[in-house]
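# Structure at a glance
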Amino acid sequence: GRVGGTLARATTIGGTTTKHDAMAVLETLYRTVMRRNSTYLAFVLCGAFLGEKALSGTVDALWEKHNRGKLYKDLEGGVIGGPKAEDE
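Once a new chain begins, its residue numbering starts again from 1 and follows that chain's sequence as written. The predicted nature of this model means local features are confined to residues of pLDDT at least 70 and side-chain atom pairs, given and counted, to a pLDDT of 80 or more, with totals for whole chains, interfaces and linings taken over all residues. Side-chain numbers come from the whole structure's heavy atoms, not from hydrogens or water.

### Comments concerning the overall build of the protein
In terms of regular secondary structure, the protein is built from 3 helices and 2 strands. Think of it in three bands: residues with accessible area under 20% of the maximum for their type are buried, residues over 50% are exposed, and the middle band is partly exposed, with areas taken using a 1.4 Å probe on protein chains only. Buried positions account for 6% of the 88 residues belonging to the protein. Accessible surface computed for the protein: about 7900 Å², of which carbon and sulfur atoms make up 61%. Secondary structure follows DSSP: runs of H or I at least 4 residues long count as helices, runs of E at least 2 residues long count as strands, and numbering of each begins at the N terminus. Computed with a 1.4 Å probe, the accessible areas rest on the Shrake-Rupley method; for each residue, only the protein chains presented here act as cover.

Next comes the structure, spelled out in structure tokens:
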């Protein structure tokens, strides 16, 4: 926040980040993305699309790993669609 008319700097141990650095990032984000409604809307839509792709791919991979050997693609040719048994 502001203390005495200047930005108060809060450094962490090791000087890895400061409040000033965080404010600079937020200010840059505001200037580049959120200032215009059309840019903000495009940013949100692209983020939603990329987020959905990432989540969908992750869930699909976890599902296939958990159900390995039980899925149609694993049974195709061996159990399903394999040689037909004769009832003679």
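There is more to say, and it comes next.
### Focus: the pattern of salt bridges
Only one rule defines a salt bridge in this text: a Lys or Arg side-chain nitrogen within 4 Å of an Asp or Glu carboxyl oxygen. Counting across every chain of the model gives 2 salt bridges. Between R31 and E27 there is a salt bridge, with its nearest N and O atoms 3.2 Å apart. Here the residue R31 and the residue E27 both occupy positions in helix α1 (residues 19–34), the gap between them amounting to 4 residues, near one helical turn. Overall, the relative accessible area of 45% leaves R31 in the partly exposed class. Here E64 makes a salt bridge to K73, at a shortest N to O gap of 3.0 Å. With a relative accessible area of 39%, E64 lands in the partly exposed category.

### As for the side chain of T18
Considering the arrangement of structural elements, one finds T18 in the loop between β2 (6–7) and α1. A relative accessible area of 16% places T18 in the buried class. Under this definition, polar contacts are N or O atom pairs within 3.5 Å; protein pairs additionally need one hydrogen-donor-capable and one acceptor-capable atom, and for neighbouring residues in sequence, both atoms have to be side-chain atoms. For T18, the side chain forms a polar contact with the main-chain nitrogen of D21, separated by 3.0 Å.

### What to know about a nonpolar patch on the surface
Patch building starts from residues that exceed 30% relative accessible area and form no salt bridge, then joins like charges within 9 Å and nonpolar side chains (Val, Leu, Ile, Met, Phe, Trp, Tyr) within 5 Å. Among the surface-exposed residues, M23, L26, L29, Y30, M34, Y40, F43 and V44 lie close enough to one another that they form a single nonpolar patch of about 730 Å² accessible area. Elements represented by at least two residues in the nonpolar patch include exactly α1 and α2 (37–66). Tallying contributions element by element places α1 first for the nonpolar patch, with 5 residues. Topologically, F43 is positioned in helix α2. We classify F43 as partly exposed; its relative accessible area is 47%.

### Overview of the packing of α1 against α2
Between the N-to-C directions of two axes lies an angle of 0 to 180 degrees, each axis being a line fitted to C-alpha atoms and, for a helix, fitted only over the stretch in contact. In the contact formed by α1 and α2, the axes pass within 7 Å of each other and the chain directions differ by 100 degrees. Relative to α2, the element α1 lies roughly perpendicular. Facing α1, whose interface residues are T32, V33 and M34, α2 presents T39, Y40 and F43. In the contact of α1 with α2, the residues fall into 4 nonpolar, 2 polar and no charged. Roughly parallel here means an angle under 35 degrees, roughly antiparallel means over 145, roughly perpendicular means 65 to 115, and every remaining angle is called oblique. Any pair of residues with heavy atoms lying within 4.5 Å of one another is described as a contacting pair. Each residue gets one of three labels, nonpolar for Ala, Val, Leu, Ile, Met, Phe, Trp, Tyr, Cys and Pro, charged for Asp, Glu, Lys and Arg, and polar for the others, Gly among them.

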